[in-house]
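For reference, the chains in residue letters:
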Amino acid sequence: MLACADVAKTYATERGPVEAVKGVDLTIDRGNFAAIIGRSGSGKSSLLAMVGGLSRPSRGSVSIDNTDIWRLSDNQLAQFRNRHMGFVFQFASLLPTLRIIDNVALPALLGRARVPADAYEAATQLLNQFGIGGYADAFPAEISAGEQRRAVIARALINNPVILLADEPTSDLDEETEREIMDHFHAINRSRGMTLVMVTHNLSLAEQADQVVHIAEGRLAA
Ligand SMILES: Nc1ncnc2c1ncn2[C@@H]1O[C@H](COP(=O)(O)OP(=O)(O)OP(=O)(O)O)[C@@H](O)[C@H]1O
Ligand SMILES: [Mg+2]
């Protein structure tokens, strides 16, 4: 499903190059839940951004469903991401001028020719599942950080991705909400075989994973 070969990322900074990821080989099977753990600054988000087609590796390759994603053109990559991947970033980002329902429906409206009514119906269902159906018409600034986070997760799932990449998706949520969201991920994981790659600092969440990927100083650690 997912294969990284010698993936590395070096950032050019004013203080000189920063080697955030130093050559990672990794495979994750379809339908698996992989937890990425490691200390702050170890390169987890950098790795996830390369896997997600958001940040170009300095070397190495990333294949998803046998597509070598960094060989696609920018347009092809954007389309591939929209159709096949869902993202929950470390720092939640909803478009501030759109209502919650519009934010969640947006990837469906931008993607495959879905009828707007269907996109909105799917968005409404997801909002209800995540307990924020009452905020459909609110703007992001009008709801709490945890409610925004749930909307971001709903948005990530609207196009039924085959792979969901999530960077500490439940870090600012209470335990009960966290459990609900994890249950939801597991349910989609079982029913549709969605692959889940999740960065987490929560070791009890990592214990639920099929595969634990430990990163230390930009490399896989035992
Ligand atoms: N855009 C950037 N430019 C320069 N250096 C960066 C950039 N992004 C990350 N880094 C550096 O790369 C290293 C890895 O950062 P990264 O964000 O991948 O860590 P992380 O494991 O996700 O940490 P955290 O758990 O705190 O989120 C760090 O030393 C960081 O300072
Ligand atoms: Mg990070």
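Residues numbered from 1 in each chain as written. Chains lettered and ligands numbered in written order. Predicted model: local features only at pLDDT ≥ 70, side-chain atom pairs only at ≥ 80, totals over all residues. Heavy atoms only, no water.

Enquirer: Help me out: how do you make sense of the sheet that holds strand β9 (residues 211–216) in this one?
Expert: Sheet strands line up and pair through hydrogen bonds in the backbone, either parallel or antiparallel. Taken in spatial order, the six strands line up as β6-β7-β8-β3-β9-β10 in an open sheet, and their pairing is mixed. Each edge of the open sheet carries a strand with a single partner, namely β6 (85–88) and β10 (219–221). Neighbour-to-neighbour, the strand axes of the sheet open up by a mean angle of 25°, direction not taken into account. As paired elements, strand β3 (residues 33–37) and strand β8 (residues 195–199) share four bridges and run parallel to each other. The partner of Ile 36 across the bridge, within β8, is Val 199. Each of β3, β6, β7 (163–167), β8 and β9 touches helix α1 (residues 44–51); the most contacted strand, β7, lies at about 155° to it. (Pairing = 2+ DSSP bridges. Helix = DSSP H or I, 4+ residues; strand = E, 2+ residues; numbered from the N terminus. Axes fitted to C-alpha atoms, helices over the stretch in contact; angles between N-to-C directions. Contact = heavy atoms within 4.5 Å.)

Enquirer: Explain the site of ligand 1 to me, please; I cannot follow it from the model alone.
Expert: Close contacts around ligand 1 come from 14 residues, with Ser 40, Gly 41, Lys 44, Ser 45 and Ser 46 the closest. At 2.6 Å, a side-chain N or O of Ser 40 approaches an oxygen atom of ligand 1. Contacts to ligand 1 include Ser 45, whose side-chain N or O atom sits 2.8 Å from an oxygen atom. (Near = heavy atom within 4 Å. Polar contact = N/O pair within 3.5 Å; in protein donor to acceptor, adjacent residues only side chain to side chain.)

Enquirer: Explain the environment of Gln 129 to me, please; I cannot follow it from the model alone.
Expert: The residue Gln 129 is located in helix α4 (residues 116–129) in this model. Remark: the alpha-carbon pair of Gln 129 and Gly 146, spanning 17 residues in sequence, is separated by 15 Å.

Enquirer: Looking at this structure, how should I read the packing of helix α5 (residues 145–157) against helix α6 (residues 175–192)?
Expert: A pair of packed helices is characterised by two quantities: the angle between their axes and the separation of those axes. At a minimum axis distance of 12 Å, the contact between α5 and α6 shows a crossing angle of 5°. As summarised for this structure, α5 and α6 are arranged roughly parallel, according to the angle between their axes. Facing α5, whose interface residues are Arg 150, Ile 153 and Leu 157, α6 presents Thr 177, Ile 181, His 184, Phe 185 and Ile 188. Class assignment for the residues of the contact of α5 with α6 results in five nonpolar, two polar and one charged. (Parallel < 35°, antiparallel > 145°, perpendicular 65-115°, else oblique. Nonpolar A, V, L, I, M, F, W, Y, C, P; charged D, E, K, R; others polar.)

Enquirer: Sorry, what's going on with the sheet that holds strand β2 (residues 16–28) here?
Expert: Strand order in this open sheet of four strands is β2-β1-β4-β5, and the pairing throughout is antiparallel. Whereas interior strands pair on both sides, the edge strands pair on one side only; in this sheet they are β2 and β5 (67–68). Note that strand β4 (residues 59–64) and β5 share two bridges and pair antiparallel. Paired with Ile 64 across the bridge in β5 is Thr 67.

Enquirer: I'm lost on the environment of Glu 217 in this one. Help?
Expert: Note that Glu 217 resides in the loop between β9 and β10. In this structure, the C-alpha to C-alpha distance between Glu 217 and Leu 173, residues 44 residues apart in sequence, is 28 Å. If we skip the residues at most four places from it in the chain, Glu 217 touches Lys 22 and Ser 42.

Enquirer: Just to check I follow, could you spell out the layout of surface pockets for this structure?
Expert: If a probe as big as a water molecule is rolled over the atoms, it shows which places are left empty. In this structure, the largest pocket encloses a volume near 400 Å³. Along its surface, the largest pocket is lined by 16 residues, and Asn 82, Met 85, Phe 87, Pro 107 and Arg 155 are the ones closest to its centre. No other element matches helix α3 (residues 100–110), which puts four residues into the lining of the largest pocket. Taken together, the residues that form the lining of the largest pocket break down as ten nonpolar, four polar and two charged. (1 Å grid on protein atoms, 1.4 Å probe; cavity = no way out; pocket = protein on both sides within 12 Å on 5 of 7 lines; lining within 4 Å. Points joined across faces, edges and corners; volume = space filled by probe spheres on them.)

Enquirer: Looking at this structure, I do not really get the side chain of Thr 200. What am I missing?
Expert: The residue Thr 200 is located in the loop between β8 and α7 (203–206) in this model. Residue classification places Thr 200 among the buried positions, given a relative accessible area of 5%. A polar side-chain atom of Thr 200 sits 2.9 Å from the main-chain amide nitrogen of Asn 202. Setting aside residues up to four positions removed in sequence, Thr 200 forms contacts with Ala 35, Ile 36, Ile 37, Glu 168, Leu 205 and Ala 206. (Buried < 20%, exposed > 50% of the residue type's maximum accessible area, 1.4 Å probe, protein only.)

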